[in-house]
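# Report on the structure
The primary structure of each chain is shown beneath.
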Amino acid sequence: MASDITPTVHVSVLYNETLQGLNLSPGKIIVDGTLGGGGHAIGIARAVGPTGKVIALDCDSAALDRVDQRVEQLHEELCIQTYFANYRNFDAALERAGVQKVDGFVLDLGLSSDQLADRSRGFSFDSDGELDLRFDVTEGEPAYVLLNRWKQEKIADVIFRYGEERYSRRIARAIVERRQEKPIRMASELAEICRRCDPTPPWVKNRIDPATRTFQALRIAVNDELGSLESFLERCVDYLNPGGRIAIISFHSLEDRIVKNAFRENWNLNVVTKKPIVASEEEIMNNPRSRSAKLRIAELQKS
C-alpha cells in the first residue's frame, strides 16, 4: 500500500454514544455507510470481533485508501470490508459481500475533516482550489459548472431550500453579475461573494461565516445528499435482522427532519431516542464540529 497517503485528521463525533446505541456484541454484522476517517468502523469492528463483520462504504476513494492504511497499521484482527459506493447503494455492497441481513446500520452524514483539509476540492471557504464539492469526483458535475449555468432563480432556490439562507436572492443576483464579467471557478471567489452580500456586522456574537449556508446548499445539491438519505431510509429496514438498529448522525435540520419522520412513520421500528442525542460540552470543546451533531437511533421490532 502506498506510504504517501495523507493520514486522517477526522475525529468521529458522538463515538461512544453511537457504539453503545448500536447494541453491539460479538458476531454481529454492521454496515457503516459513511466510512470517513474510519473511527466508527474500527470501534465497531473491535466490538463485533473476528466472528463479526463491518461492511464499510464511502464514495470518496481517498477515504477508503486512508482507512485501509490505518487498519493495516493497527495490526489488529479487524474484519472491515470496504466498498467504493454511495450508502444509498448499500444493497449492492451487501450482495458483493454475500450478506442478506445485517444487525445494524450507521451513518455519519455531512462533511469530514479530511475533505475540508483537502484544499483542492473546494470544501473549505478559503480554498485555493476549484469549487468542486463532489464527494465522488467520478460522478456528476462540479459545483462551479452548475453555478455558471443555472439561471438566477434556480441558484436562489437551491441556496434557500438546502441552505436556509435568508439572503439567497441577493447572493444569486451577485453570482450572476460576477459571472458575466468572468466565470466563477474557485471556492474563494464564491466565499467572497457571499461575504459581501451579508450585512451582519462581524462583531455580532455567534456569527457564522456568511458563506456557510451557500456552500452547504451547493454541496447538498451537487451530491443529491437528501435524495440519498431518503432512498436509504426507504429500504434499509428490509435488510435488518429483528432487533437490529439504525444509528444516524445528522448535522443540519433538513437531514434531522428526514430521519426523525422516517423513524416515526415506520411501524416496524421502535424509536430508541425520543430526543436526539447531542454532544457533551467536553466533546464540543475538543471537537467543535460536534456542536451541531444529532444522533437518532431506531430498532427493528423483534417480533
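Throughout what follows, the structure given in this document is the object of discussion.

### A closer look at the overall build of the protein chain
Summing up its helical and strand segments, the protein chain has 13 helices and seven strands in all. Whereas a compact globule of 303 residues would reach a radius of gyration of roughly 19 Å, the protein chain reaches 20 Å, a difference of no more than 12%. The principal-axis extent of the C-alpha atoms belonging to the protein chain is close to 60 × 45 × 40 Å. Taking all 303 residues of the protein chain together, 52% fall into the buried category. Counting contacts in the protein chain only where the partners sit at least 6 residues apart, residues at least 24 apart contribute 71% of the total. Approximately 15000 Å² of the protein chain is accessible, and the part contributed by carbon and sulfur atoms is 47%. Charge separation in the protein chain, taken as the distance between the mean sites of 41 positive and 45 negative side-chain charges, equals 6 Å.

### Remarks on the environment of V106
Counting through the fold element by element, V106 comes out in strand β4 (residues 102-108). Owing to a relative accessible area of 1%, V106 belongs among the buried residues under this scheme. Beyond its immediate stretch of four places on either side in the chain, V106 contacts T18, L22, V31, D32, G33, T34, I44 and A247.

### Thoughts on the nonpolar core
Counting residues in hydrophobic clusters, the biggest one holds 33 residues, and the most contacted among them are L131, L147, I155, I175, L190, F215 and L218. Every element with two or more residues in this core is listed here: α6 (143-147), α7 (152-163), α8 (168-181), α9 (187-197) and α10 (212-223). At six residues, the largest contribution of residues to this core is made by α9. Listed in part, the 32 residues of the second largest apolar core include V31, L229, L233 and L269.

### With respect to the side chain of N223
For N223, the location among the structural elements is in helix α10. A distance of 2.8 Å separates the side chain of N223 from the backbone oxygen of L133, its partner in a polar contact. Only 2.9 Å separates the side chain of N223 from the backbone oxygen of R219, close enough to count as a polar contact. The residues contacting N223, other than those within four sequence positions of it, are L133, R134, F135, D136 and S228.

### Comments concerning a positive patch on the surface
A cluster of like positive charges, contributed by R166, R170, R173 and R213, occupies part of the molecular surface. R170 gets classed as partly exposed once you look at its relative accessible area, which sits at 36%.

### Details of helix α4 (residues 90-97)
Within an α-helix, residues lying three or four positions from one another point in the same direction, as the helix has 3.6 residues per turn. Among the residues of α4, those classed as buried are F90, A93, L94 and A97. Buried residues of α4, seen end-on, are gathered within an arc of 100 degrees and therefore sit on one face of the element. Across from the buried face of α4, at angles greater than 90 degrees, the exposed residues are E95 and R96. Contacts made by the buried residues of α4 are with β1 (29-32), β2 (53-58), β3 (80-84), β4 and α11 (225-235). In the segment just after α4, G98 is the residue with positive phi, at about 70 degrees.

### Topic: the packing of aromatic side chains
To describe a pair of aromatic rings, one takes the distance between the centres and the angle between the planes. If you walk through the whole model with that rule in mind, you get six aromatic pairs. Measuring from centroid to centroid gives 5.6 Å for Y87 and F232, while their planes differ by 85 degrees, and the two rings are edge-to-face. Of this pair, Y87 sits in the loop between β3 and α4 while F232 sits in helix α11, placing them 145 residues apart in sequence. Considered together, Y87 and F232 belong to a single accessibility category, that of buried residues. When the centroid spacing of 5.2 Å and the interplanar angle of 75 degrees are considered together, the rings of F90 and F105 count as edge-to-face. Taken together, the residues F90 in helix α4 and F105 in strand β4 connect sequence positions 15 residues apart. Considered together, F90 and F105 belong to a single accessibility category, that of buried residues. Cluster of aromatic residues (ring-pair linked, three or more members): Y87, F90, F105, F232 and Y239. Of note, K154 hangs over the ring of W150, and the distance from its end group to the ring centre comes to 5.3 Å.

### Regarding the pairing of β2
Most of β2 sits inside the fold, with six of its six residues counted as buried. Burial along β2 is two-sided: the residues K53, I55 and L57 and V54, A56 and D58 are all buried. Relative to β2, β1 is paired through four bridges, and the arrangement is parallel. Bridging from a neighbouring strand, V31 pairs with I55 of β2. Bridge count for β2 against β3 is five bridges, and the pairing is parallel. When the sheet's bridge partners are listed, V54 is paired in β3 with I80. At this point the chain moves from β2, through helix α3 (residues 61-74), to the parallel β3, and the crossover so formed is right-handed.

Parameters at a glance
Counting of residues starts from 1 at the beginning of each chain's written sequence and follows it residue by residue. Only residues with pLDDT of at least 70 are given local features in this predicted model, and only at 80 or more are side-chain atom pairs given and counted; all residues enter the totals for whole chains, interfaces and linings. The basis for every side-chain value is the complete set of non-hydrogen atoms in the structure, without hydrogens or water. To qualify as a helix, a DSSP run of H or I must reach at least 4 residues; to qualify as a strand, a run of E must reach at least 2; elements of each kind are numbered from the N terminus. We compute the radius of gyration over the C-alpha atoms and compare it with the globule rule, which gives 2.2 Å times the number of residues raised to the power 0.38. For every residue, the accessible area obtained with a 1.4 Å probe (protein chains only) is divided by the maximum for its type, and the residue is called buried under 20%, exposed over 50%, and partly exposed between those limits. Two residues qualify as a contact provided that any one of their heavy atoms is within 4.5 Å of a heavy atom in the partner residue. For the area figures, the Shrake-Rupley method with a 1.4 Å probe applies, and any residue is considered shielded solely by the protein chains shown. Two residue types count as positive, namely Lys and Arg, and two as negative, namely Asp and Glu; His and chain ends fall outside the count. Note on charges: their place is set at NZ of Lys, CZ of Arg, CG of Asp or CD of Glu. Take the buried Ala, Val, Leu, Ile, Met, Phe, Trp, Tyr and Cys residues and link them wherever side-chain atoms come within 4.5 Å; each set so joined is a nonpolar core. Whenever a nitrogen or oxygen atom comes within 3.5 Å of another N or O atom, the pair is scored as a polar contact, on the condition that within protein one atom can donate a hydrogen and the other can accept it, and that pairs from neighbouring residues in sequence are kept only if both atoms are in side chains. Without a salt bridge and with relative accessible area above 30%, a residue can belong to a patch; like charges are then joined within 9 Å and nonpolar side chains (Val, Leu, Ile, Met, Phe, Trp, Tyr) within 5 Å. We count a salt bridge whenever a side-chain nitrogen from Lys or Arg sits within 4 Å of a carboxyl oxygen from Asp or Glu. Read the arc as the range of directions from the helix axis to the C-beta atoms. When two rings of Phe, Tyr or Trp (its six-membered ring) have centres within 6.5 Å they constitute a pair, described as stacked for plane angles under 30 degrees, edge-to-face for angles over 60, and tilted for the intermediate range. Each ring is checked for a lysine NZ or an arginine CZ that lies within 6 Å of its centre and within 35 degrees of its normal; such an atom marks a charge sitting over the ring. Strand pairing is assigned whenever DSSP identifies at least 2 bridges connecting the two strands. Seen with the strands pointing away from the viewer, any crossover whose path from the first strand over the helix to the second strand runs clockwise is right-handed.

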